[in-house]
Amino acid sequence: MALEVPGEDPIVFDLGTGLRLFGDTQPTDGTFKGTALVTHIHWDHVQGLPFFPPIHQVGAALDIYGPHQEEGPLGEVFGGLMCRPYFPVHFSELEGDVTFNDVTDEDVKIGRAKVKVRPVPHNGPTVGYRVDWDGVSVAYISDHQAPHDLKSIAPSVLELADGVDLLIHDAQYTPAEFAKKETWGHCTVDYAVHVAAEAGAKRLAMFHHDPSHSDEDLDRLLEMARCAALHVGLPEVFSSYERLSVQLGE
Ligand SMILES: [Zn+2]
Ligand SMILES: [Zn+2]
């Protein structure tokens, strides 16, 4: 997923398989410059990096932010995944420059974008991001372990999503699925709506769909979410999908 402001270097959220499609829209002549805000290093959030054509050029640069790992600095741990025999090329052997920044609970400036990093409950070190850029705010909370009561919300999560124009949030399960997978690190559609409403978000994008759900299942979940949103006064909820583009601001 990518944030783009005309005339500025893009910011991508995580390095999942969607990075390949985004790569098709970016220069492959060595002029690519961008930033990746990585929530955590589970496979589904990092496996796209080798398949990002712009970084296979001398001169290209990708600066990666992500949570500090108990096993060591982020770059070192990431390198342990992208190396032989799992993959033939270590990130340091790519033609473009890949750099890493460990972050956990801080505010950073990326170009003209103000970025807030805060811890998010999940399995293992995980953060969420809020980007305030060009008069627009977006929060990205991709994997969020809901509490047992499905009501309480971590203050760090509320801070990230406070009044945002767009909240991109985990919405993986129905209540019945959550009951069976309560500790798998994710939340229900209703919980996503609850978080968005409590934080005063203007729009909610349902994200991190369950791999076993069909398009019809997702339509049904969206209907559930719209009912729940009406109930709590959340102005808009929609389901995210591949190649979806959302215009924010003027
Ligand atoms: Zn995860
Ligand atoms: Zn995930």
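Each value, and the rule that gives it
- Residues numbered from 1 in each chain as written.
- Chains lettered and ligands numbered in written order.
- Predicted model: local features only at pLDDT ≥ 70, side-chain atom pairs only at ≥ 80, totals over all residues.
- Heavy atoms only, no water.
- Donors = N, O, S within 2.8 Å, 3.2 Å for Na, K, Ca; no water.
- Tetrahedral: all angles 85-135°; square planar, octahedral: opposite > 155°, others 65-115°.
- Helix = DSSP H or I, 4+ residues; strand = E, 2+ residues; numbered from the N terminus.
- Buried < 20%, exposed > 50% of the residue type's maximum accessible area, 1.4 Å probe, protein only.
- Polar contact = N/O pair within 3.5 Å; in protein donor to acceptor, adjacent residues only side chain to side chain.
- Disulfide = S-S within 2.5 Å.
- Core = buried A, V, L, I, M, F, W, Y, C linked by side-chain atoms within 4.5 Å.
- Contact = heavy atoms within 4.5 Å.
- Phe/Tyr/Trp six-rings, centres within 6.5 Å; stacked < 30°, edge-to-face > 60°.
- Domains from an automatic or database assignment.
- Buried area = accessible area lost by both parts, 1.4 Å probe.

Visitor: I keep staring at the coordination of the zinc ion (ligand 2) and nothing clicks. Help me out?
Guide: Six octahedral donors around a metal ideally sit at 90 or 180 degrees from one another, while four tetrahedral donors ideally sit at 109.5 degrees. Coordination of the zinc ion (ligand 2) by the protein is provided by Asp44 (OD), His45 (NE2), Asp143 (OD) and His208 (NE2), with metal-donor distances spanning 2.1 to 2.2 Å. With 4 donor atoms in place around the zinc ion (ligand 2) and angles of 90 to 169° between them, the coordination shape is irregular. Of note, the zinc ion (ligand 2) draws all its donor residues from one chain, in the sequence arrangement D-H-x97-D-x64-H. Separating the zinc ion (ligand 2) from the zinc ion (ligand 1) is a gap of 3.4 Å, bridged by Asp143, which donates to each. Here Asp44, found in helix H2 (residues 43-46), pairs with His208, found in the loop between strand S11 (203-207) and helix H7 (215-232); they are 164 residues apart in sequence, far enough to count as distant. Look at Asp44 and you get partly exposed, because its relative accessible area is 37%. By relative accessible area, which is 15% here, His208 ends up buried.

Visitor: I'm lost on the side chain of Gln69 in this one. Help?
Guide: Among the secondary structure elements, Gln69 is positioned in the loop between strand S4 (61-67) and helix H3 (74-79). Polar side-chain contacts of Gln69 include one of 2.9 Å to the backbone oxygen of Pro67.

Visitor: So what exactly am I meant to see when it comes to the coordination of the zinc ion (ligand 1) here?
Guide: Coordination of the zinc ion (ligand 1) by the protein involves His40 (NE2), His42 (ND1), His122 (NE2) and Asp143 (OD), with metal-donor separations of 2.2 to 2.6 Å. Taken together, the 4 donor atoms coordinating the zinc ion (ligand 1) and their angles of 87 to 172° define a geometry best described as irregular. For the zinc ion (ligand 1), the single-chain donor residues occur in sequence as H-x1-H-x79-H-x20-D. On the basis of relative accessibility, which here comes to 13%, the residue His122 falls in the buried class.

Visitor: In this structure, what is going on with the state of the cysteines? I would like to understand it.
Guide: The bond known as a disulfide is covalent and runs between the sulfur atoms of two cysteines. The tally for this structure, following the rule as stated, stands at 0 disulfides. The cysteine Cys187 is free of any disulfide, with Cys227 supplying the nearest cysteine sulfur at 18 Å.

Visitor: I tried to follow the nonpolar core on my own but got confused; where do I start?
Guide: In terms of nonpolar packing, the biggest core is built from 32 residues, with Leu167, Val193, Leu204, Met206, Leu234 and Val237 touching the most fellow members. Of all the secondary structure elements, the ones that give two or more residues to this core are strand S9 (136-141), helix H4 (155-161), helix H6 (189-199), S11 and H7. The residues contacting Val237, other than those within four sequence positions of it, are Leu204, Met206, Leu222, Ala225, Arg226 and Ala229. Val117, Val127, Val131 and Ala205 belong to the second-largest nonpolar core, a separate cluster that totals 24 residues.

Visitor: Please explain the packing of aromatic side chains as it appears in this structure.
Guide: Here a ring pair, both rings aromatic, is described through the centre-centre distance and the interplanar angle of the planes. Under the criterion given, the structure shown has 8 aromatic pairs. Ring plane angle 85° and centroid distance 5.7 Å describe the contact between Phe51 and Phe87, whose orientation is recorded as edge-to-face. Taken together, the residues Phe51 in the loop between H2 and S4 and Phe87 in the loop between H3 and strand S5 (97-103) connect sequence positions 36 residues apart. Taken together, a centroid distance of 5.1 Å and an interplanar angle of 50° make the contact between Phe78 and Phe100 tilted.

Visitor: Is there a simple way to explain the domain arrangement of the chain in this structure?
Guide: Accessible area lost upon the coming together of the parts is a frequently used measure of interface size. Domain boundaries in the chain define domain 1 (6-103) and domain 2 (105-240). For domain 1 and domain 2, the distance between their C-alpha centres works out to 24 Å. Every contact between the two is made by 22 residues of domain 1 and, on the other side, 22 residues of domain 2. Regarding the contact of domain 1 and domain 2, the summed buried area is about 1700 Å², with carbon and sulfur atoms giving 66% of it. When the buried surface of domain 1 facing domain 2 is broken down by residue, Glu8, Phe13 and Val103 rank first, second and third, together holding 33% of it.

Visitor: Help me understand unusual backbone geometry in this model?
Guide: Note: most residues except glycine have negative phi, and most peptide bonds are trans. Cis geometry marks the peptide bond from Arg84 to Pro85; its omega dihedral reads 0°. Even without being a glycine, Asp134 presents a positive backbone phi close to 55°. Even without a glycine there, the phi angle at Arg243 is positive, about 70°. In this fold, Arg243 is placed in the segment after strand S12 (236-239).

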